[in-house]
Amino acid sequence: MKVKRGYYDVFVKTCAKYPSSVAVRHYDDGVYKNYTYSELYGVCEYISQNLQQLKCNKGVIGLVSERNIIIPCMIAAAHKCCTTFMFVDPAQNIEDIAREVDFTIIITIKDTTDEATAELFGKKPERTVSVFNMTINFYSCSFPLDSSSKHVPQHSFIAMTSGSTGEPKHIQVPIQCIQPNIDDLTKMFNITPHDVIFFSTPLTFDPSMVEILLACMNGASLLIAPNSVDILFPENKQHSITFWQTTPSNFLQFSNSDIKNKILSANSTLKILALGGEPLNSIKRLKELKNKDNKTRIFTLYGVTEMSCWACVTELDLDKINSDREVPLGTCLSETQLVIDSGKENKNTGKIILVSKTRQCIILNKTKGNDEENSLKFVDTGDIGENKSGTIYYRGRRDDVIKRFGNKVNLQSIETTIMQCPRVKACACVWLPKPSLLVVYFSSEILNCQELSDFLKCKLDDKHWPDKIIRVDNLPTNSHGKISRQLLCKMYEKTTGIPQTLDSLKVMLLAELKEILNKYFTYDQIKNKTFFAIGGTSFSAVTMCNKLSITYPPFGKLILPHLMSQRNTIDDIMQIAQKEIFSDESKPKRRIKRSRSDSEAALMLSNVDTAAPKKPNMDSPRSIEFIKMWTYDTGKCVDASPTLFKTQFNLYVAVGSHSGKIIVVDALSGELQGLVDVKSRIEASILCCSDNYGVVGAYNGTVVCFSVDGVKEMWRVNIESMVKSKGVYRDGCVYIASYDGNVRCIEIKTGTVMKTINICEQGISADLVLAKNEYVLLGTLSGVCASIHVDTNVVTWRGTLSSPVFASPALYDEDKYVVFAEVGGDIHCRTVEKGIKIWRYQGAKGNIFSSLYIKRVDKIKWQIVFGCHDKMVYSLCIKNFQPTLLWKAQLASPVYSTPCSLDDKHLLAASNSGKLCVIDSETGNVIEEYQLPNETFSSPVAYGDYFFIGCRNDHLFAIQYVLSW
């Protein structure tokens, strides 16, 4: 395709041909706003006029923006006035990129309501214009030229690789490189002016240009909307999407229910589902969920940014493909060839090389080679392919094959085996070379780690067994929507706490023995047996000690030869450990000495933006001593947060665990008061009512009610849907939310379900909250926030957020306002009674699973504290309806549990690795740390100088803290 002014000519031609067609649809809080091609043409000309008055000098225009309605206009105007543009994420370091790429003009596009400063690099914009409630700022740049990154003056765009397969690179993509994709895909997908294309790909990821150009070339519509199936497939089919290009990771994060009942249902409007950017490891799941009458055509796309964008495409025939290994790379697109460069060992398997005479991109930041060498005629993808009878199949990346204990292990083969398990949604296998650990992460709605471990031990030989299997709600993805192994490696943080007593070493060893041998036993049952006598092998000894060496290197290295000797019993080994490790200590230490150097160094290295320099607080204690008062073994992991219940004479702590047991323990003595066995995993906190009722739901849908004082079961009922949310109580009725998207009003004396209130089609995981004794507030996994009026049991208002809500709603200012934290990182405040938007905070740099702790500071000021996946605890100040960051405290690992107050000056926060941190509430300084023996996702609850917390070593802990001044 030859055009004088790049995509400006294409855009103008489409606007002339389809002036009244909808170019962009924008979903905003329940309302769809439509913008026609003629409207966008006017905006394009307006932007062009402003650009022409600035000196572009045929340089590069930097477009700093997120997806919005004028993006098609911006790229057309950029090509009219210049030759090349590059999308920049506002969260990126704009100045560094501007220097590397040598921007001539930078254009920022922001929502008019965004009050952020308009200055960039310390200078104000040359001009500012407003369009469709958006503010557009134009800045001229004059950076010294970097000869190594000089671009070619032709109509193009610059993409940046995500760095998932090597160092990030700036790739200049000329029109003639990507245009064959657009022509081929238009025909293959039969794109027409009636199509609605979901504009879902981040602008910095080059497939976003495919979405934009497929629409602009064919007069179709781009839809800008949250990633919610209720919005993408509404009852009004007019706005329902017909084309969806996305990564498998992003698609597979949707629940089975969403895929089966909406996306791939019999009456779905989705014409094309195109999955690309990474391997598709879910054929079995797609076959199970796609309705037999569904008409959606599913394609897989393969390509690399260095030859933007796609090289091969194949349409999946789910009736003929039975496993992930049977998915071919497919047919090469126009002007593209794919070659397998096989070695001597196997002629059919080798490196995947892409070749093209015309689709040549330019690497701008390549330090070696001349322009001729940096202009790519062929690309070594770093992937492995297998040629079977002329059909080529993807077989992973070259760095997927690792050496473990002298054996070659293919990580992708392990992932393929995992995906054979029908209940797994998605998975990733990572190799941590420094500690030599093989770790599997997986997401599933019903499968637990032990069940997957049992499955793999049946399918794989022991050399391929993972050292650790970790279940997550969703696998972390990078900015381009691909599973990020770098993030997965960071998630597996080293546990730095050192066991302080022989008993704690025994607990640690026992937990590892149970996991590696897949057996349940007590220490007394095995103490007089050797490791081999209880089922151990040499391989399992090496694997287990390798893991123990991460937690406590002296212990893991010490016991390995004794385990393999077949002469020492388990108790003999522990006596040896006591002699070697604790011989120089007159008595066990009760607390762990803190070390700030590691966390401070990590803070500097991670280039974290801190709110303000933290001044030392002279009123802080010198140290805090932690004294473990008692623990109670529940039989399995305690992920639920404990609940305190006070009677006239006693204080009880109640909690459920994965064992299905609900325990009520005397908070001071640790004596068990009673137990209720639900026989299904419990993650919800127990609701304790003032009239001596305790109510909690379980995974199998059982809701049980018992008397707290006396622990006698009153009733149980099965609502046939998983419960992970704590209920609320009001006037003889308890409200329980579940994973079928309903809230049930249950009479507390009889267990009769009085009313079922439908909120949405996706589950509700967050605890419910009662406001003003009149409204039940909640957030859902579909991003819906809502309020139920308890007098009428009807939904008084609903709102839609951009991502799921795992955090419980939080109230402040005498229940006038409710705060919702969505997993994407945004925090929203609304009025309790009508759901009116009050303020929004977007400063969190990671996913939020923690609920919010809110404390009133004075009459008009509140402090909000929450944990984040980025390992930070955030503290916000709310004053005059404006949230500002007070401080951020860095912890050892991601923080999913909710911080709590110890006293007026101190907060307690627990990170996932089990490290508890006492934080100065005014400065954010970490004063002291305490290490639990295993991970924790339970939130601490404090009473006096005690706090209680659950741990994944199966125990409920009661810990006393003593401040030394």
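What you see is a predicted model; the values in this text were computed from it and never measured.

Moving on: the environment of Pro207. Position of Pro207 among the secondary structure elements: in helix H6 (residues 207-218). Linking Pro207 and His480, residues 273 residues apart in sequence, is a C-alpha distance of 9.4 Å. Ignoring sequence-local partners within four residues, the contact set of Pro207 consists of Thr201, Gln245, Cys309 and Trp310.

Bringing the side chain of Gln412 into the picture now. Structurally, Gln412 can be placed in helix H12 (residues 411-418). Setting aside anything within four residues of it in sequence, one finds Gln412 in contact with Pro279, Asn281, Tyr394, Arg395, Gly396 and Asp400.

Here we come to the packing of helix H5 (residues 175-189) against H6. For the pair H5 and H6, the least separation of the axes is 10 Å and the interaxial angle reads 60°. It follows that H5 is oblique to H6 by the angle criterion. Relative to H6, the crossing made by H5 is right-handed. Listed contacts from H6 to Ile178, Gln179, Ile182, Asp183, Leu185 and Thr186 of H5 are Met209, Val210, Leu213, Leu214, Met217 and Asn218. For the contact of H5 with H6, the per-class residue count stands at eight nonpolar, three polar and one charged.

If you walk through the whole model with that rule in mind, you get 26 salt bridges. Here Asp293 ties to Lys292 by a salt bridge, and the two come within 3.6 Å at their closest N and O atoms. Exposure remark for Asp293: the relative accessible area of 41% places this residue in the partly exposed category. Taking the relative accessible area as the measure of exposure, Lys292 reaches 76% and is therefore exposed. Residue Arg397 is joined to Asp383 by a salt bridge in which the shortest nitrogen-to-oxygen separation is 2.7 Å.

Quick look at the environment of Cys82 now. Checked against the element boundaries, Cys82 lands in the loop between helix H3 (71-81) and strand E4 (84-88). Residues contacting Cys82, with those up to four places away along its chain left out, are Cys56, Lys58, Gly59, Val60, Ile61 and His155.

Time to look at the environment of Trp630. Positionally, Trp630 belongs in strand E27 (residues 623-633). Here Trp630 falls in the buried class, since its relative accessible area comes to 8%. Spatially, the C-alpha atom of Trp630 lies 9.9 Å from that of Phe948, the residues being 318 residues apart in sequence. Non-local contacts of Trp630, meaning those with residues more than four positions away in its chain, are made with Val653, Val665, Asp666, Ala667, Leu668, Ser669, Gly670, Phe948, Leu956, Phe957 and Ala958. A polar atom in the side chain of Trp630 sits 3.0 Å from the backbone oxygen of Ala667.

Let us now look at the sheet that holds strand E24 (residues 426-432). Read from one edge to the other, the open sheet built from three strands follows the order E24-E25-E26, with strand pairing classed as mixed. Edge positions in the open sheet fall to E24 and strand E26 (468-471), since each of these has one partner strand only. The sheet shows a mean angle of 20° between the axes of neighbouring strands, direction not considered. Strand direction decides the pairing type here: strand E25 (residues 437-443) and E26, joined by four bridges, are parallel. Note that in E26 the partner of Phe442 across the bridge is Arg471. The strands touched by helix H13 (residues 449-459) within the sheet are E25 and E26, with E26 carrying the most contacts at an inclination of about 135°.

Glancing now at the nonpolar core. By size, the foremost hydrophobic cluster in this structure holds 75 residues, and its most contacted members are Leu51, Ile70 and Ile107. Here this core gets eight residues from one element, more than from any other, and that element is H3. The contacts of Ile107, once residues within four sequence positions are left out, are Leu51, Ile61, Gly62, Leu63, Val64, Met74, Ile136, Asn137 and Phe138. Core analysis: the second largest hydrophobic core is formed by 40 residues, Ile259, Val430, Leu437 and Val439 among them.

As judged from the five bridges shared by strand E6 (residues 127-131) and strand E7 (residues 134-140), these two strands associate in the antiparallel manner. Directly across from Ser130, in E7, lies its bridge partner Thr135. The loop that links E6 with its antiparallel partner E7 comprises two residues; one of these, Phe132, has a positive phi angle of about 50°.

On to the packing of aromatic side chains, then. For the structure on display, the rule yields 24 aromatic pairs. With a centroid separation of 5.5 Å and an interplanar angle of 45°, the aromatic rings of Phe189 and Phe243 are classed as tilted. Of this pair, Phe189 sits in helix H5 while Phe243 sits in strand E12 (residues 243-246), placing them 54 residues apart in sequence. Looking at Phe243, the relative accessible area reads 1%, which means it is buried. With 6.2 Å between their ring centres and 45° between their planes, Trp630 and Phe948 make a pair best called tilted. Here Trp630 is found in strand E27, whereas its partner Phe948 is found in strand E57 (residues 946-950), with 318 residues between them in sequence.

Cut-off values and rules
Residues numbered from 1 in each chain as written. Predicted model: local features only at pLDDT ≥ 70, side-chain atom pairs only at ≥ 80, totals over all residues. Heavy atoms only, no water. Helix = DSSP H or I, 4+ residues; strand = E, 2+ residues; numbered from the N terminus. Contact = heavy atoms within 4.5 Å. Axes fitted to C-alpha atoms, helices over the stretch in contact; angles between N-to-C directions. Parallel < 35°, antiparallel > 145°, perpendicular 65-115°, else oblique. Left-handed = near helix turned anticlockwise from the far one by under 90°. Nonpolar A, V, L, I, M, F, W, Y, C, P; charged D, E, K, R; others polar. Salt bridge = Lys/Arg side-chain N within 4 Å of Asp/Glu carboxyl O. Buried < 20%, exposed > 50% of the residue type's maximum accessible area, 1.4 Å probe, protein only. Polar contact = N/O pair within 3.5 Å; in protein donor to acceptor, adjacent residues only side chain to side chain. Pairing = 2+ DSSP bridges. Core = buried A, V, L, I, M, F, W, Y, C linked by side-chain atoms within 4.5 Å. Phe/Tyr/Trp six-rings, centres within 6.5 Å; stacked < 30°, edge-to-face > 60°.

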